[in-house]
Amino acid sequence: GTTALLQRYIEQAKELWQRDRARAKFVPVYLDMATVRTPNLDAVIRRLWEVTSEAVLDPHVQMNPAPPRVPKLNITRLDDPLEKLDAIAADLWGAMVGTPGWCRTVLLIDNGDLLFERDYASSLKCLLSLSSRSVPWAPAGVLLTGGRRLWDALPELRLRPLALDVWRDDEALRQIMS
């Protein structure tokens with residue numbers, strides 16, 4: 001399914017870095033919404049930071065025996081989670097400037113249907129807006145995978161479908177006719 005497709009993409013990206021070390025790196029950051037413990041923006045931002053820092057500090061990306069340290073993300077109830085993420089991500093990317101580990105990211109969100117549950121409304125908006133931010137750590141793009149709930153929300157979200165999971169014949173016919 002979609003998870004296997006995303007994992008294959010991640011492995012192909014790693015192979016490119018090993019083959020051509022001079023190539024600009026676009027690091028896939030895999031965020032599985034099923035691994036977010038609680039359905040709120042703080043938890044989503046925490047998990048996003050965990051997977052982002054893990055992806056960019058991969059030895060295939062850093063090619064450095066002494067990679068930068070990962071700043072800790074501490075979010076209190078009074079904090080704006082995105083502002084906190086901006087600050088610590090800026091620190092990490094600042095430490096990578098001029099090193100072989102400098103990279104951009106591409107955010108791959110798996111099980112995106114979970115974002116359409118009521119408690120995730122602010123998280124969906126935040127995650128989809130990340131690629132429009134003009135900061136070095138922001139993803140160059142966001143790929144969202146899911147099923148029926150995602151497909152039904154595409155017009156409202158003004159998203160462009162690139163590939164969706166396999167459809168039954170009646171579902172494919174319905175999409176062709178619409």
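Conventions adopted
By convention here, each chain's residues receive numbers from 1 onward along its written sequence. Local features in this predicted model are restricted to residues of pLDDT 70 or higher, and side-chain atom pairs are both shown and tallied only at a pLDDT of 80 or more, whereas totals for entire chains, interfaces and linings draw on every residue. As a rule here, side-chain values come from all non-hydrogen atoms in the structure, and water together with hydrogens is ignored. Per the convention used, a helix needs a DSSP run of H or I reaching at least four residues, while a strand needs a run of E reaching at least two, with both numbered from the N terminus. The cut-offs for exposure are 20% and 50% of the maximum accessible area for each residue type, with area from a 1.4 Å probe on protein chains only; residues under the lower value are buried, those over the upper are exposed, and the others partly exposed. The contact criterion used throughout is that any non-hydrogen atoms of two residues lie within 4.5 Å. Any two strands are treated as partners once DSSP identifies two or more bridges connecting them. A fitted line through C-alpha atoms represents every axis, and for helices the fit uses only the stretch in contact; the resulting angles, taken between N-to-C directions, go from 0 to 180 degrees. Throughout this description, the term salt bridge denotes a Lys or Arg side-chain nitrogen within 4 Å of a carboxyl oxygen of Asp or Glu. Just so you know how the angles are binned, under 35 degrees is roughly parallel, over 145 roughly antiparallel, 65 to 115 roughly perpendicular, and the rest oblique. Polar here means any residue other than Ala, Val, Leu, Ile, Met, Phe, Trp, Tyr, Cys and Pro, which are nonpolar, and Asp, Glu, Lys and Arg, which are charged; Gly is therefore polar.

> Honestly, the overall build of the protein in this entry has me stumped. Any pointers?
Helix and strand counts for the protein stand at seven helices and three strands. Counted from the first residue to the last, the protein has its helices and strands arranged as α-β-α-α-α-β-α-β-α-α. Counting all 178 residues of the protein, 39% fall into the buried class. Across the protein, the fraction of contacts at a sequence separation of at least 24, relative to all contacts at a separation of at least 6, is 69%.

> Quick question: what am I supposed to make of the sheet that holds strand β3 (residues 141–144) here?
Sheets are built from strands that pair by backbone hydrogen bonding, the pairs being arranged parallel or antiparallel. Overall, parallel pairing links the three strands, which are arranged β1-β2-β3 in an open sheet. Both edges of this open sheet fall to β1 (26–32) and β3, since each of them pairs with a single strand only. Across the sheet, the axes of successive neighbouring strands diverge by a mean angle of 20 degrees, strand direction being ignored. Strand contacts of helix α1 (residues 2–19): β1, β2 (104–110) and β3, with the helix running at about 155 degrees to β1, the strand carrying the most contacts. Its contacts with the sheet place helix α5 (residues 121–129) against β1, β2 and β3, and it is angled at close to 135 degrees to β3.

> What's the story with unusual backbone geometry in this structure? I'm lost.
Of all residues except glycine, most have a negative phi; of all peptide bonds, most are trans. Unlike most non-glycine residues, N111 shows phi in positive territory, near 55 degrees. Structurally, the position occupied by N111 is in the loop between β2 and α5. Taking relative accessible area as the criterion, N111 reaches 31% and is therefore assigned partly exposed.

> Whenever I open this one, the pairing of β1 confuses me. Can you help?
Residues in a regular strand project their side chains so that they alternate between the two faces of the sheet. Across the seven residues that make up β1, a large majority, six, are buried. Note: β1 against β2, seven bridges, orientation parallel. Within the sheet, the bridge partner assigned to Y30 lies in β2 and is L108.

> Please explain the pattern of salt bridges as it appears in this structure.
Across all of its chains, the model carries four salt bridges by this definition. The salt bridge partner of R47 is E50, with a shortest N-O separation of 2.7 Å. Within this pair, R47 and its partner E50 are both found in helix α2 (residues 41–56), separated by three residues, close to a single helical turn. On the basis of relative accessible area, E50 is assigned to the partly exposed category, the value being 37%. As a salt-bridge pair, D79 and K84 come within 3.8 Å of each other at their nearest N and O atoms. Exposure remark for D79: the relative accessible area of 24% places this residue in the partly exposed category. Among the residues examined, K84 registers a relative accessible area of 30% and is labelled partly exposed.

> Explain the packing of α2 against helix α4 (residues 81–96) to me, please; I cannot follow it from the model alone.
Any two packed helices are characterised by the angle at which their axes cross and by the distance between the axes. Interaxial distance between α2 and α4 falls to 10 Å at its minimum, and their mutual angle equals 10 degrees. One way to sum up the angle between α2 and α4 is to call them roughly parallel. Here L41, D42, I45, L48, W49, T52, S53 and V56 of α2 come into contact with α4, specifically with P81, L82, L85, I88, A89, L92 and W93. Among the residues forming the contact of α2 with α4, the class breakdown is twelve nonpolar, two polar and one charged.

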